[in-house]
Each structure stands twice: as C-alpha cells, then as structure tokens.
Amino acid sequence: MISALPELAKTDIVTVLQTAMAPAFLLVALGGMLNIFTGRLERIIDRSRIMQDRYLETEGEEHILCVHELRDLQLRIKYVNSAIYLSVVSSIVVCVLIGLLFVMGLTSHPALAQIVASAFVIAVILLSLALIQFSREVRTGIRDFMIREEYLENSDWKK
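Residues numbered from 1 in each chain as written. Predicted model: local features only at pLDDT ≥ 70, side-chain atom pairs only at ≥ 80, totals over all residues. Heavy atoms only, no water.

Chemist: Can you tell me about the overall build of the chain, naming the residues and giving the values?
Modeler: Scanning the chain from N- to C-terminus turns up three helices and zero strands. Overall, the chain shows an N-to-C arrangement of helices and strands of α-α-α. Relative to its 159 residues, the chain shows a buried fraction of 30%. For the chain, the share of sequence-separated contacts (at least 6 apart) that also reach a separation of at least 24 residues comes to 80%. Total accessible area computed for the chain in this model is approximately 10,900 Å², and 64% of it derives from carbon and sulfur atoms. (Helix = DSSP H or I, 4+ residues; strand = E, 2+ residues; numbered from the N terminus. Buried < 20%, exposed > 50% of the residue type's maximum accessible area, 1.4 Å probe, protein only. Contact = heavy atoms within 4.5 Å. Areas by Shrake-Rupley, 256 points an atom, 1.4 Å probe, with all protein chains shown as cover.)

Dropping the structure here:
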C-alpha cells in the first residue's frame, strides 16, 4: 500500500490540483465579498455612533428622524452580520470541499462523489443567502439615504 501511494500521487496529483482550482476561485470570490461586507459594517457602525451622539441633542421631528435612522442602522448591522456569517460558513465548506476533492482524487472512493457534490451545493446555497442578506442591507441603507422633501423644495432643475 505504501509503495503504491507515491506512484498514485504522481499520476493523479495534477488532475486533483486542476479539479480543486474551481472551488479555490470560489474561495477567492468569498474573500472579496467578506472584504466588502466588513467595509459596509464599519461604515454602518461609524454612522450609528454619530447618530447616537445626535440622539441626545435633537428634539421634535428631528429626534423622530434620528430614532428611525438608529432603528434602521441596527437592522442594517443585523443584515450585514448575517451576510458575513453566511459567507464565512460558505468559505469553510469550500475549504472542506477542496480537502474532499484531494481525498477523492487520491483514493477514488465512490461515496465521496456525493459528499463533494453536496458540499458544493451547500456552499452555493450559503453564498446565495449571504447575497440576499447583503441586498436587504443595501435596500435599507438606500431607504435611509432618501433626500428629505424640505431639501428639495426650491428645485428648478426638475424640469
């Protein structure tokens, strides 16, 4: 068994490496997405700190707007945090998938094919859920960014 392993490794290692490249690209894409998500989270946290300071200084209509924005910021934090979590879990599944591809390529165990396929489907589902959560955060952020009517009242440029 031990003497056959080096010969098996020489013949199949290139094929296994080539097969593992597609999930490796998915892993790179997930890393890029995580970078974007954490950047969004940083900006939301910075804005929430500003709004918390403003909360104590506002009254009336301005205070109500401040409270609404703080609630939306909390919701956005929840969505981005969820997107980050799902992306990290998806990345872990992709790492396991790459390991399983190596084991499958070197052992040719037939049961591993279904496990590999299942791991890929799980990773893509988690990625899709992360993107849905990110989309929800973006939509909430855009709702907060709508320009209030009082700032638009003398607008001759609408023509």
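That was the structure; now back to the text.
Chemist: Tell me about helix α2 (residues 60-107), and please be specific about residues and values.
Modeler: Along an α-helix, residues three or four positions apart point the same way, because every turn accommodates 3.6 residues. Taking 1.5 Å of rise per residue, 48 residues should cover 70 Å, and α2 covers 70 Å from first to last C-alpha, within 8% of that figure. Downstream of α2 by a residue or two, S108 has a phi angle that is positive, lying close to 55 degrees. (Expected span 1.5 Å × (residues − 1).)

Chemist: Quick rundown of the packing of aromatic side chains? Include the residues and the values.
Modeler: By the definition in use, this model includes one aromatic pair. Relative to F134, the ring of F37 lies with its centre 4.8 Å away and its plane at 40 degrees, an arrangement referred to as tilted. Of the two residues, F37 sits in helix α1 (residues 4-55) while F134 sits in helix α3 (residues 111-145), which places them 97 residues apart along the sequence. Judged by its relative accessible area of 18%, F134 is buried. (Phe/Tyr/Trp six-rings, centres within 6.5 Å; stacked < 30°, edge-to-face > 60°.)

Chemist: Please provide a residue-by-residue account of the nonpolar core, values included.
Modeler: One finds F37, V80, I84 and V94 to be the most contacted residues of the largest nonpolar core, which totals 30 residues. Broken down by element, this core gets its largest block of residues, 13 residues, from α2. (Core = buried A, V, L, I, M, F, W, Y, C linked by side-chain atoms within 4.5 Å.)

Chemist: Help me get a handle on the pattern of salt bridges, residues and values and all.
Modeler: The final tally for this structure, using the stated rule, is five salt bridges. For R40, the salt bridge identified is with E137, shortest N-O distance 2.9 Å. Highlighted residues: R40 in helix α1 and E137 in helix α3, separated in sequence by 97 residues. The salt bridge involving E137 is made with R76; its shortest N-O contact spans 2.7 Å. Placement of E137 in helix α3 and of R76 in helix α2 is noted, with a sequence separation of 61 residues between them. The pair formed by E137 and R76 is uniform in burial state, with each residue classed as buried. (Salt bridge = Lys/Arg side-chain N within 4 Å of Asp/Glu carboxyl O.)

Chemist: Describe in detail the environment of T58, supporting the description with residues and values.
Modeler: Structurally, T58 can be placed in the loop between α1 and α2. Those residues in contact with T58 that lie beyond four places of it in its chain are H63 and C66. A polar contact is formed between the side chain of T58 and the side chain of H63, at a distance of 2.9 Å. (Polar contact = N/O pair within 3.5 Å; in protein donor to acceptor, adjacent residues only side chain to side chain.)

Chemist: Help me get a handle on the side chain of T58, residues and values and all.
Modeler: Look at T58 and you get buried, because its relative accessible area is 13%. Only 3.4 Å separates the side chain of T58 from the backbone oxygen of Y55, close enough to count as a polar contact.

Chemist: Outline α3, supporting the account with residue identities and numerical values.
Modeler: Helix length check: α3, at 35 residues, gives a terminal C-alpha distance of 52 Å against a target of 51 Å (1.5 Å per residue), a fit within 8%. Taken residue by residue, α3 has L112, V116, A119, A123, L126, L127, A130, Q133, F134, E137, T140 and G141 as its buried positions.

Chemist: Lay out a nonpolar patch on the surface with the relevant residues and their values.
Modeler: The grouping of F120, V121, V124, I125, L129 and I132 at the surface amounts to a nonpolar patch, some 500 Å² of accessible area in total. By the secondary structure assignment, I132 is in helix α3. (Patch = residues over 30% accessible without salt bridge, like charges linked within 9 Å, V, L, I, M, F, W, Y side chains within 5 Å.)

Chemist: Quick one: what's the story with the packing of α2 against α3, residue by residue and with numbers?
Modeler: The relative placement of two packed helices is expressed as an angle between their axes plus a distance between the axes. Relative orientation of the contacting elements α2 and α3 amounts to 160 degrees, with a least axis distance of 8 Å. Here α2 is positioned roughly antiparallel relative to α3, judged by the angle of their axes. In this structure, α2 meets α3 at a crossing whose hand is left-handed. Of the residues belonging to the contact of α2 with α3, the class tally is 27 nonpolar, seven polar and seven charged. (Axes fitted to C-alpha atoms, helices over the stretch in contact; angles between N-to-C directions. Parallel < 35°, antiparallel > 145°, perpendicular 65-115°, else oblique. Left-handed = near helix turned anticlockwise from the far one by under 90°. Nonpolar A, V, L, I, M, F, W, Y, C, P; charged D, E, K, R; others polar.)

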